[in-house]
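Coordinates in review
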Amino acid sequence: MSKEYPGNPLNSKDFKKALKTKYVPTAEYAWSAGHAINRFLTGLKEGRILGIKCRSCERILVPPRAFCEECFISVDEWVELKDTGTVNTFAISYLDTMANRIKKPLLPAVIEIDGAGGNGFLHMLGEVDPKKIKIGMKVKAVWKPAKDRKGDITDIKYFKPARGGV
Amino acid sequence: MEKVAIIGVGFTGARPDSPELSYKELMYEAAVKAYEDSNVDPRKEIGSFIGASEDFWDGVSIFDEYLPDQIGGALRPVCSICNEGLHALATGVMHIRAGIADIVAVEAHSKVSDVVNPEGIMHFALDPILDRTLDYNAHVMAGLEMNRYLHEACVTKEECAEVVVKNRANALLNPYAPYGAKLCIDDVLDSTPTYEPLSELDTSNLVDGACVIVLASEKVARNKRAPVWINGVGWCNDTPNVGLRDWGYPRYVRLAAEQAYADAGITNPYDEIDIAEVDDSYSYKELQHLEALRLVDTGEAAGFLCEGAFDINGELPVNASGGSLGMGNLLDTNGLVKTFEAVEQLRGMAGQRQVKEAESALVQSWRGVPTTSGAVMILGNEPSGGD
């Protein structure tokens, strides 16, 4: 190659001659959950899924929020919802957070909580063969034991297919 | 050119912590107040929503994703400006002047109490290869700048302390400002040295708060109660290179001001401006900025200050709100909070700190260390400026 083309090819040692400065930022946060999410998380700790109803559009917002983004009014009518729902959409993730390949895929899914008119949240599926997951599938929350719950979205371990199936 | 007015303002007030509210709830509160003040339905009438935000302060990358809902902007034209609030206001002015929107909402917020280590975020703003590697706290940049300013402009630490005394006293008259205090010069001079010549009381404290400003075209604004006209805007950045910037004189503020003055048709700022809300996130900054804004000649700000010219009942009241020293430092929200104060003053609604016969105002912001990024806005009770 060097006979055909003039010049010297680069090798990996040459690249190391280009200096780089490494730095790991110190960026730590402790977000205030706020009125609405605070109550939602407290509900999860108690094994309950709470939503909030807008008096104007009558939508049930879950996770709840202090205001309705459609009507732009404050909302405060709390409702307790069932811990069952429907798979709105799902994906089968063969890569982890940092995109490392994993053997057992993760099963992220958006769950429409029953009674919330199609609203719900992102969670994960479990106790299910990935090949058998379907959009529209009925699911039920699998909770952590009460003593392990700490007011966190992961107080629900995952959603599993509900008895009675699709 | 289309005239632009502020038709409504909303501010949560500033406070060192707000653990009961999420940043979204804080923003919602400011937005509700602003839309009520402007009598605007955000879901039907606002044509553009603009937020000023910085991902590292918010702790979320690509923060504009989280902007729409709490300001009424879901499924509406929304954009965020990774810059100071006045830059976002300038963008709003452009949207109206360009005919893109008749009504624009501009938002900025600080939820800095959610940031565990603000010093780490400020350090992250230093040049990664040269300056950051030397491992100084970012406030050192202000110490370096203050020293050069004192040297060049023949200003003393006592005179800088006067700024602190004035602004913290003004804050006592402002229910939105948490740092009101009756101090004397020695309180400031004797406070703990931090980045000499800076001491603890020379530096504003980081606080939470959100502010929303509603802008409108002349056609809309003429039918609104007490519109305040944006007669000029300007903004400028100097080089970030610490070896090349001018440490004693903020050239970028001077150039931003010239742009704003030309826009507003102002030739003699001291005579044509009634009140000024300028950046005072460090005490010396107020003096340095007043000079760069040509409100006084270089080296003369301290003299005017000590004669009382910048007091609420003085010739040119400066930071009647209490400034950042009295209000706290709301990061990229400072410019909107200063605009809020200017609007309150021009509308004659500033209560105990009301300046008599205020008809025109100047607002200036700086993005904080280590930046050389500034913006200037000219407001008035009557529209002015060239075509």
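The residue count restarts for each chain, going from 1 along the sequence in the order it is written. Starting at A for chains and at 1 for ligands, labels are handed out in the order in which the entities are written. Per-residue local features of the predicted model are confined to residues with pLDDT of at least 70, and side-chain atom pairs are confined, for both listing and counting, to 80 or more; whole-chain, interface and lining totals are unaffected and use all residues. Working from all heavy atoms in the structure, the side-chain values ignore hydrogens and water.

**Here's the deal with the sheet that holds strand β5 (residues 77-81) of chain A**
Residue and element names in this part refer to chain A.
- Strand order in the open sheet formed by three strands is β2-β1-β5, with antiparallel pairing between adjacent strands. Only two strands of the sheet have a single partner each, and these edge strands are β2 (60-61) and β5.
- Relative to β5, strand β1 (residues 49-53) runs antiparallel, the two being bridged by five bridges. By the bridge assignment, L50 is partnered in β5 with E80. We call two strands paired when DSSP finds no fewer than two bridges between them. The helix and strand labels rest on DSSP assignments: H or I over at least four residues marks a helix, E over at least two residues marks a strand, and numbering proceeds from the N terminus.

**Side note on helix α7 (residues 157-171) of chain B**
All names here are of chain B.
- The span expected for a helix works out to 1.5 Å for each residue beyond the first. Over its 15 residues, α7 runs 21 Å from end to end, which matches the ideal 21 Å to within 8%, given 1.5 Å per residue.
- Each residue gets one of three labels from its accessible area relative to the maximum for its type: buried under 20%, exposed over 50%, partly exposed in between, using a 1.4 Å probe on protein chains only. Within α7, 11 of the 15 residues are buried, leaving the element largely enclosed by the surrounding structure.
- Where α7 is buried, its residues contact α6 (140-153), α8 (185-189), α12 (283-292), α13 (301-306) and α14 (323-327). By definition in these notes, contact holds between two residues if any of their heavy atoms fall within 4.5 Å.

**Quick notes on the pairing of β1(A)**
All names here are of chain A.
- The buried fraction of β1 amounts to four of the five residues, a majority that puts the element mostly inside the structure.
- Relative to β2, β1 runs antiparallel, the two sharing two bridges. Bridge assignment links I52 to a residue of β2, and that residue is L61.
- The turn linking β1 back onto β2 is made up of six residues, and E58 within it adopts a positive phi angle of 65 degrees.

**What about the packing of α6(B) against α12(B)?**
Residue and element names in this part refer to chain B.
- α12 packs onto α6 with a crossing angle of 50 degrees between their chain directions and a minimal axis gap of 10 Å. Classified by the angle their axes make, α6 and α12 are oblique. Here the hand of the crossing between α6 and α12 comes out left-handed. Residues A142, E145, M146, Y149 and A153 of α6 form the contact with α12, whose own contacting residues are S283, Y284, K285, L287, Q288 and E291.
- Residues are grouped as follows: nonpolar covers Ala, Val, Leu, Ile, Met, Phe, Trp, Tyr, Cys and Pro; charged covers Asp, Glu, Lys and Arg; every other residue, Gly included, is treated as polar. By residue class, the composition of the contact of α6 with α12 is six nonpolar, two polar and three charged. Angles shown run from 0 to 180 degrees and are taken between the N-to-C directions of axes, each axis being a line fitted to C-alpha atoms and, for helices, limited to the stretch in contact. Every angle not falling under 35 degrees, over 145, or within 65 to 115 is termed oblique; those three ranges are roughly parallel, roughly antiparallel and roughly perpendicular. Helix crossings get a hand from a simple test, with the near helix turned counterclockwise from the far one by less than a right angle marking a left-handed crossing and a clockwise turn marking a right-handed one.

**So, the interface of chain B and chain A**
- Facing 35 residues of chain B, the contacting portion of chain A comprises 23 residues.
- Take a side-chain nitrogen of Lys or Arg and a carboxyl oxygen of Asp or Glu: if they are within 4 Å of each other, that pair is a salt bridge. Counting every contact that joins chain B to chain A gives one salt bridge.
- A salt bridge links A:R65 to B:D69, with the shortest nitrogen-to-oxygen separation between them at 2.7 Å.
- Polar contacts here mean pairs of N or O atoms no more than 3.5 Å apart (in protein, one a potential hydrogen donor and the other a potential acceptor; neighbouring residues in sequence count only if both atoms are side-chain atoms). Taken together, the connections running from chain B to chain A amount to 16 residue pairs in polar contact (both at pLDDT 80 or more).
- Mapped onto the side of chain B that touches chain A, the elements with two or more residues apiece are α1 (23-38), α2 (42-45), α3 (55-58) and α5 (118-123) of chain B.
- Looking at the side of chain B that touches chain A element by element, the count peaks at six residues for α1(B).

**Observations concerning the environment of B:G368**
- If you trace the backbone, B:G368 turns up in the loop between β10 (360-366) and β11 (373-380).
- Sequence spacing of B:G368 and B:N329 is 39 residues, and the spatial spacing of their C-alpha atoms is 9.6 Å.

**Remarks on the side chain of A:H123**
All names here are of chain A.
- Inspection of the secondary structure puts H123 in strand β10 (residues 120-124).
- The class of H123 is buried, set by a relative accessible area of 7%.
- For H123, the side chain forms a polar contact with the main-chain oxygen of I153, separated by 2.9 Å.
- In this structure H123 touches L107, P108, A109, I111, I153, I156, K157, Y158 and F159, once residues within four positions along its chain are discounted.

**Some details on the nonpolar core**
Residues and elements named next belong to chain B.
- For the purposes of this section, nonpolar cores are sets of buried Ala, Val, Leu, Ile, Met, Phe, Trp, Tyr and Cys residues that join through side-chain atoms within 4.5 Å. Grouped together as the largest cluster of nonpolar side chains are 58 residues, with contacts concentrated most on L287, L293, L295, L362 and I378.
- Breaking this core down by element, the ones donating at least two residues are α5, α6, α7, α10 (251-264), α12, α13, β10 and β11.
- With seven residues, the top contributor of residues to this core is α10.
- The contact partners of I378, leaving out residues within four places of it in the chain, are W229, I230, N231, G232, A260, Y261, A264, I266, I273, A361 and L362.
- Of all hydrophobic cores here, the second largest spans 46 residues; its members include A101, A171, A177 and V337.

**Things to note about the state of the cysteines**
Residue and element names in this part refer to chain B.
- Here, the term disulfide refers to a pair of cysteine sulfur atoms separated by no more than 2.5 Å. Taken as a whole and assessed by the stated rule, the structure comprises zero disulfides over all chains.
- Summary of cysteine pairing: C236 is not part of a disulfide, and the nearest cysteine sulfur, belonging to C82, is at 18 Å.
- Under the relative-accessibility criterion, C236 is labelled buried at 16%.
- Here C306 stays free of any disulfide, with the sulfur of C160 as its closest cysteine sulfur at 9.7 Å.
- In this structure C306 comes out as partly exposed when scored by relative accessible area, which is 43%.

**What to know about unusual backbone geometry**
- Of the consecutive residues A:V62 and A:P63, the connecting peptide bond is found in the cis state with omega at 0 degrees.
- Position of A:P63 among the secondary structure elements: in the loop between β2 and β3 (67-68).
- The amide bond that connects B:V369 to the next residue, B:P370, takes the cis arrangement and shows omega of 0 degrees.
- With respect to the helices and strands, the residue B:P370 is situated in the loop between β10 and β11.

**Section: the packing of helix α4 (residues 85-97) of chain B against helix α15 (residues 334-346) of chain B**
All names here are of chain B.
- For the pair α4 and α15, interaxial distance at closest approach is 6 Å and the crossing angle is 70 degrees. With respect to α15, the element α4 is oriented roughly perpendicular. Together, G85, L86 and L89 of α4 and G335, L336 and T339 of α15 make up the contact between the two elements.
- Looking at the contact of α4 with α15, its residues break down into three nonpolar, three polar and no charged.

**Comments concerning the environment of B:R132**
- Structurally, B:R132 can be placed in the loop between α5 and α6.
- Residue contacts for B:R132: discarding those within four places in its chain leaves A:Y23, B:H123, B:F124, B:L126 and B:D127.
- At 2.9 Å, the side chain of B:R132 and the backbone oxygen of B:F124 are in polar contact.

**Remarks on the environment of B:S365**
Residues and elements named next belong to chain B.
- In this structure, S365 sits in strand β10.
- What makes S365 buried here is its relative accessible area of 3%.
- Each C-alpha atom of the pair S365 and L86 lies 6.9 Å from the other, and the pair is 279 residues apart in sequence.
- If near-sequence neighbours (up to four positions away) are discounted, S365 is found in contact with E84, L86, D279, G335, S373, G374 and A375.
- Among the polar contacts listed, one links the side chain of S365 to the side chain of E84, at a separation of 2.8 Å.

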